[in-house]
Amino acid sequence: MNNRRVGAKYEDVASDYLETKQYKIVERNLRTPCGEIDILAKKESTFIFCEVKYRSSVKFGSPMEAVGTQKQKKICRSALYYYARNGFSQDMPCRFDVIAVYGNGQVEHLENAFEFRY
C-alpha cells in the first residue's frame, strides 16, 4: 500500500473519531500554496486545523513528536491562507490539534498541540 493510501486510511480513522466527539468535518486534505491541512474541522465557532500522524510503533518516536517546528509553521501559514481565501477575520477562533493513530488502533487527540507561529 502506498503512503497516500495509508495516510487516507488513518485520516478516515481520525475523521470518524472527531465526528463521534461532535466535530463537523469541513474539509480534508486542504491544499494551499503553503502546505496541506489533513483535516479542517469545526466545533461550535472554532476552526480546528488537525494534523494526523500514524505510527505502527513508538520505536522511532511518538506521532506527536513528528510535528516539529517547520511543520507547525506550514500548518499555521496554511490556516492564514484559508482564512484570507474565505474572507474570515483573524479574530475567528481557531486552534491546532494533532491526532495520533497507533498501530493497535488507539487514537490520541492532543487539543491545542501548538500555538500559532509564522
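Reference entry: report on the structure contained in this document.

Cut-offs applied
- Residues numbered from 1 in each chain as written.
- Predicted model: local features only at pLDDT ≥ 70, side-chain atom pairs only at ≥ 80, totals over all residues.
- Heavy atoms only, no water.
- Pairing = 2+ DSSP bridges.
- Helix = DSSP H or I, 4+ residues; strand = E, 2+ residues; numbered from the N terminus.
- Polar contact = N/O pair within 3.5 Å; in protein donor to acceptor, adjacent residues only side chain to side chain.
- Contact = heavy atoms within 4.5 Å.
- Salt bridge = Lys/Arg side-chain N within 4 Å of Asp/Glu carboxyl O.
- Buried < 20%, exposed > 50% of the residue type's maximum accessible area, 1.4 Å probe, protein only.

### Points about the pairing of strand 5 (residues 107-110)
In summary, the side chains of a regular strand alternate between the two faces of the sheet. Here 4 bridges tie strand 4 (residues 94-102) to strand 5, and the two strands are oriented antiparallel to one another. If you follow I99 over to strand 5, its bridge partner there is H109.

### Side note on the side chain of K53
With respect to the helices and strands, the residue K53 is situated in strand 3 (residues 46-55). Of note is the side chain of K53, whose polar atom sits 3.5 Å from the side chain of E51. Aside from chain neighbours lying at most four places away, what touches K53 is P63, A66, V67, I99, A100 and V101.

### Remarks on the pattern of salt bridges
Side chains that differ in charge, positive against negative, can pair when their charged atoms come close. Summed over the entire model, instances satisfying the criterion amount to 7 salt bridges. The shortest N-O distance in the salt bridge between R28 and E11 comes to 4.0 Å. With R28 in strand 1 (residues 24-32) and E11 in helix 1 (residues 3-20), the pair connects residues that are 17 residues apart, well separated along the chain. The exposure class assigned to R28 is partly exposed, which follows from its relative accessible area of 28%. The closest approach of N and O atoms between E111 and R95, which form a salt bridge, is 3.8 Å. Remark: R95 occurs in strand 4 and E111 occurs in the segment after strand 5; sequence separation between them is 16 residues. Residue classification places E111 among the partly exposed residues on the basis of a relative accessible area of 42%.

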